[in-house]
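Per-entry structural report
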Amino acid sequence: MKETVTTGSLESSDCLIRLEPSEQLEIDLETDVHEAFYEHIHTLISDTLEEMGVQSVYVRCKDQGALDFTIRARLIAAIERYRELHDG
Amino acid sequence: MRTDDLEALLDVLELRDGMRVSFHHHLRNGDAVMNEVLAALRRRGLKDLHLYASALFPVHTEAAACIEEGTIRHVTTNYVNGPVAEEIARGKLRGEFTMQTHGGRARAVLQGENAIDVAFLATPAVDAEGNGSGIYGAAACGSLGYAVEDHACAKRSVLITDSLEDFPVPGQLSASHTDHVLRLPSIGDPGGIVSGTLEVTRDPLGLKIARMATEVIRHSGLLRNGVSFQSGAGGISLAITEQFNDMLAATGTQASFFSGGIAAPHVKALERNLVEKLYDVQCFDEEAIGSLQRNTGHIPISAGDYADPTNASRVIKDLDIVILGASEVDTGFNVNVTTDSYGNLIGGSGGHSDTAEDSKLAIIVAPLFRGRTPLIQERLFTKTTSGEHIDCLVSERGIAVHPANDKLAGRLKAAGLPVVDIETLMQSAHAYTGRPKPITRGDAIGIVEGRRGDVQDTLYRKAG
Amino acid sequence: MARSYLFVPGNVPRMLQHAEVFEADALIFDLEDAVSLEEKDEARQLVRSFLQTHPPSQPAYVRVNADALARDFSILDGLPIHGVVLPKASIQTLASLREQLDGEEWSVLALVETPSAFLELSDLARDPGVDGLILGGVDLRAALHAHPTESGIELLYARSRLLMAARAYGIEAIDTPYAESDDAGFETDLKRSVALGFDAKCAIHPNQVPPLNAAFTPSQERIREARRIVERHEQTGEVRFSLDGRMVDRPVLEEAKQLLERAKRYKALKKEADDAD
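Here is what the cut-offs are and how they apply
Residues numbered from 1 in each chain as written. Chains lettered and ligands numbered in written order. Predicted model: local features only at pLDDT ≥ 70, side-chain atom pairs only at ≥ 80, totals over all residues. Heavy atoms only, no water. Helix = DSSP H or I, 4+ residues; strand = E, 2+ residues; numbered from the N terminus. Buried < 20%, exposed > 50% of the residue type's maximum accessible area, 1.4 Å probe, protein only. Contact = heavy atoms within 4.5 Å. Domains from an automatic or database assignment. Axes fitted to C-alpha atoms, helices over the stretch in contact; angles between N-to-C directions. Left-handed = near helix turned anticlockwise from the far one by under 90°. Nonpolar A, V, L, I, M, F, W, Y, C, P; charged D, E, K, R; others polar. Buried area = accessible area lost by both parts, 1.4 Å probe. Salt bridge = Lys/Arg side-chain N within 4 Å of Asp/Glu carboxyl O. Polar contact = N/O pair within 3.5 Å; in protein donor to acceptor, adjacent residues only side chain to side chain. Phe/Tyr/Trp six-rings, centres within 6.5 Å; stacked < 30°, edge-to-face > 60°. Lys NZ or Arg CZ within 6 Å of the ring centre and 35° of its normal. Pairing = 2+ DSSP bridges. pLDDT = per-residue confidence, 0-100. Patch = residues over 30% accessible without salt bridge, like charges linked within 9 Å, V, L, I, M, F, W, Y side chains within 5 Å. Areas by Shrake-Rupley, 256 points an atom, 1.4 Å probe, with all protein chains shown as cover. Lys, Arg positive; Asp, Glu negative; His and termini not counted. Charge placed at Lys NZ, Arg CZ, Asp CG, Glu CD.

**Quick word on the overall build of chain A**
Scanning chain A for helices and strands turns up two helices and four strands. For chain A, the N- to C-terminal ordering of α and β elements is β-β-β-α-β-α. Expressed as lengths along the three principal axes of its C-alpha atoms, the size of chain A is roughly 35 × 20 × 20 Å. Sorting the 88 residues of chain A into buried and exposed places 47% on the buried side. Pairs at least 24 apart in sequence give 74% of the contacts found in chain A among residues at least 6 apart.

**What to know about the domain arrangement of chain C**
Accessible area lost upon the coming together of the parts serves often as the stated size of an interface. Domain boundaries in chain C define domain 1 (4-215) and domain 2 (220-275). A C-alpha centroid distance of 32 Å is found between domain 1 of chain C and domain 2 of chain C.

**So, the packing of helix 8 (residues 153-168) of chain C against helix 9 (residues 183-196) of chain C**
Residues and elements named next belong to chain C. For the pair helix 8 and helix 9, the least separation of the axes is 11 Å and the interaxial angle reads 35°. Between helix 8 and helix 9 the crossing geometry is right-handed. Of the residues in helix 9, those in contact with L156, R159 and L163 of helix 8 are D189, R192 and L196. A class-by-class count of the residues in the contact of helix 8 with helix 9 yields three nonpolar, no polar and three charged.

**Side note on the interface of chain B and chain A**
Contacts between the two partners involve 14 residues from chain B and, on the opposite side, 13 residues from chain A. At the boundary of chain B with chain A, total buried surface from both sides reaches about 1100 Å², with 60% on carbon and sulfur atoms. When the area that chain B buries against chain A is broken down by residue, the three leading residues are Y342, R372 and K437 of chain B, summing to 61%. Here chain B is connected to chain A by three salt bridges. The salt bridge partner of K437 of chain B is E39 of chain A, with a shortest N-O separation of 3.6 Å. Between the two partners, chain B and chain A, sit six residue pairs in polar contact (both at pLDDT 80 or more). Those elements that place two or more of their residues in the side of chain B that touches chain A are strand 20 (373-374) and helix 15 (422-433) of chain B.

**Quick notes on the packing of aromatic side chains**
Counted according to the given criterion, the structure contains 13 aromatic pairs over all chains. The interplanar angle of 40° and the centroid separation of 5.9 Å between the aromatic rings of F57 of chain B and Y79 of chain B together place this pair among those described as tilted. Of this pair, F57 of chain B sits in the loop between strand 3 (49-53) and helix 3 (61-69) while Y79 of chain B is found in the loop between strand 4 (72-77) and helix 4 (83-89), placing the two residues 22 residues apart along the sequence. We classify F57 of chain B as buried; its relative accessible area is 12%. Y79 of chain B sits in the partly exposed class, given a relative accessible area of 29%. Among the aromatic residues, those joined into a cluster by ring pairs are F69 of chain A together with F29 and F50 of chain C. Across from the ring centre of Y52 of chain B, 5.2 Å away, lies the NZ or CZ of R20 of chain B, which sits over that ring. Over the face of the ring belonging to F381 of chain B we find R441 of chain B, whose NZ or CZ atom lies 5.7 Å from the ring centre.

**With respect to the interface of chain C and chain A**
At the interface, 15 residues of chain C touch 16 residues of chain A. Across the chain C to chain A interface the summed buried area is about 1300 Å²; carbon plus sulfur atoms make up 50%. Three residues, Q17, E42 and Q45 of chain C, lead the burial of chain C against chain A; their summed loss comes to 42% of the area buried on that side. Run the count over chain C and chain A and you get three salt bridges. The closest approach of N and O atoms between E42 of chain C and R74 of chain A, which form a salt bridge, is 3.4 Å. In this assembly, chain C and chain A are joined by nine residue pairs in polar contact (both at pLDDT 80 or more). Of all the secondary structure elements, the ones that give two or more residues to the side of chain C that touches chain A are helix 1 (13-18) and helix 2 (40-53) of chain C. Among the elements that take part in the side of chain C that touches chain A, helix 2 of chain C stands out by supplying seven residues, more than any other.

**Some details on the sheet that holds strand 22 (residues 392-395) of chain B**
Residues and elements named next belong to chain B. The strand order 14-13-12-11-15-18-22-23 describes an open sheet built from eight strands, whose pairing is mixed. Of all the strands in the sheet, just strand 14 (298-300) and strand 23 (398-401) have a single pairing partner and so form its edges. The mean inter-strand angle of the sheet, taken between neighbouring strand axes irrespective of direction, is 20°. Of the strands in this sheet, strand 12 (255-262), strand 13 (275-283) and strand 14 are in contact with helix 10 (residues 264-271), which crosses strand 13 at around 155°. In the packing of helix 14 (residues 406-414) onto the sheet, the strands contacted are strand 18 (361-365), strand 22 and strand 23, and the crossing angle to strand 23 comes to about 155°.

**Observations concerning the sheet that holds strand 6 (residues 118-122) of chain B**
Strand pairs in the sheet, formed through backbone hydrogen bonds, run parallel or antiparallel to each other. Residue and element names in this part refer to chain B. Reading across from one edge, 1-10-9-6-2-3-4-5-24-25 is the order of the ten strands in this open sheet, with mixed pairing throughout. Each end of this open sheet is capped by a strand with a single partner; those strands are strand 1 (2-3) and strand 25 (455-462). Two strands pair when backbone bridges link them, and strand 2 (residues 20-23) and strand 3 are joined in this way by four bridges, in the parallel orientation. Residue pairing in the sheet places R20 in a bridge with H50 of strand 3.

**Observations regarding the environment of A326 of chain B**
Residues and elements named next belong to chain B. Tracing the sequence through the fold places A326 in the loop between strand 15 (321-324) and strand 16 (328-330). You can call A326 buried: its relative accessible area is 7%. Beyond its immediate chain neighbours, meaning those up to four positions away, A326 contacts V335, N336, V337, I364, V365, A366, R370 and L375.

**Examining the confidence of the model for chain C**
Confidence in the prediction of chain C, expressed as mean pLDDT, is 93, and 97% of residues score 70 or more. Within the model, pLDDT remains below 50 along residues 272-277 of chain C, and this stretch shows six contacts once partners closer than five positions in the same chain are excluded.

**Some remarks on a negative patch on the surface**
Residue and element names in this part refer to chain C. Residues D77, D102, E104 and E105 make up a contiguous surface patch of negative charge. Structurally, D77 can be placed in the loop between helix 3 (69-76) and strand 4 (83-86). You can call D77 exposed: its relative accessible area is 54%.

**Details of helix 3 of chain B**
All of the buried residues along helix 3 of chain B are E62, A63, A64, C66 and I67 of chain B. At the exit of helix 3 of chain B stands G70 of chain B, carrying a positive phi of roughly 95°.

Dropping the structure here:
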């Protein structure tokens, strides 16, 4: 438990992000707008991870209709917390 | 016959497989009648019935069980959510699924196009002669507008009540059309029938949209003595009704009538003498029921008198302004209120298509996106109401006016209101949501019928 | 210049994405009191991401944390904002803020909410970086051991003192938001803000914005009167004259000009033709 970090919430227009240690890059995305935006959000998450230089982590995202700016902010905040926990 | 025994009643009704049985929805989510009657029909082993219900709600679990077992083969309704919607969306219905409008249903019943074998009509109060009313009794629901044509036209009409009154009950259901009266211990849960008070929205987005819609009305050219108005029971609609009342008072304008579903803000207008008549097809709250008892200007009407397109004196042919909702709108102003953008059945036309067509000014009010799903889509999942009948769309980021109504656009622009074209409005939503991937539909599961019985659209399941 | 400053909690996506549409003249994205300690880092990223992606059409301010200026400023870099709101403003916190600003030309609104700030108010108001004073009524009340009253007597001195300082140094005077949810109390409080002479007021709920904008916009009656005064002056060149039995002199003339300017800014000036309606 101590190894994971969580950001965001399950409020509408927000998303809950959890990061856990992993050997590889894994994205587990559940969204209430699956039909229209699953691929888009998946790409947003992997692009943000790449931009932040994250190579291996397990990302769990439970999305409640969050817009891009929110998903990105929640993920960046999670990565910073994760780094603080593991490197800091 | 007059009895307390459902089984004895069913014995005399000579029920057969394949019959069309009708129900109304005035007891809404507090209705106990449909479940009880359908359960008895299922126990009797009847098959392939046509469920002809003006609306279906989450409480109607027995109807879902009947679909599953084959007791019900076809469903025709004007509005559906809850377990029946889920059952149909899963493709469990063996026969046909038809969604009508309130006016279209009344027309089909009156013209004999949809002949009803037995109408099982929940009736809050019935007298010794067989007259029925919705105003009295333990399960009072107010106007019984959606029961009137069924009662008059069905081969057999059964009034089902829990309040047999000794005094004569003057009501919408005249004894001359009543064949049987069944008394049950309870026909419904008053808590689910009407709301104590419906909440006028405090949601700032809803209020912003309401303010803009009120400004549209102010500058529409229709705000004058004799103006007529209709709005539903949604939070935004109620807020607009309150603002419309204040605008009538502030400008010294007297409205002629409000029509459709009636709630506290409509009653307030009548009692402040801002409007002459309320033409009430359905009551939404206790205020409306109380008003029916005490106000002579508050008049219950039938679905046919309300919206039947072949009825030359229907109330809404004189309707100036109607406020309507939408789950989706396309760039041609076509509106979906039947499914969401992903194909989940969430409602239906009710009076949407009827009032949109008959009114002079049909205003759609809705936020530009809910969660991440944009309101304005390039292609609708389901088309409920044709765009040619819609005059404008009011959203929090602008007002789109149908190109056919450039006079309205001119008036609103001159008043300084933010008029934008609908494509621009769609793009401004996409700037937040992104452009959604086109949704693939599954198999066809039914049809949306226009108010004259024409096929408006095909209903599809969700894909996969 | 604005009539309404709407506070938007920094860690609520739903509020951020709709903030622009509520007709506020300015928005204050809040990293301070509306955000719990554990969520500060999330709120910083959320506000940054939002302002980068969807810069609002009206001036945007960020309320920073007086005790975490460095961390807050680390995410403000390059954002399209108009300024910052400095809570618990004092000569000392203002100096720390200036260090962080590092030459950035952002406007500073000083939130005056401690008794000591009132003792240094002239110095705060005189500071060339400070463009306005906001009264922080809730914190000040608590510090004074005062209670909210219907008459607002407990804040009367603070409001008046803040206005004196703002007017003396020609900066904006912005009144404290109404923190309760009753509409009648809000209306009373709003009328008081206008009567005292405030330029603007903060809103903590979007539904407060429309009445607030209306209250700070000059009424048509006052606009008509001001217009007649200015027109008479322009036609005759007089600075002292009598109009409908009222004596007009230079201060009255100046006030009329200011009122017309405000009316123009808030689009309350109608064309003559409309006036005839």
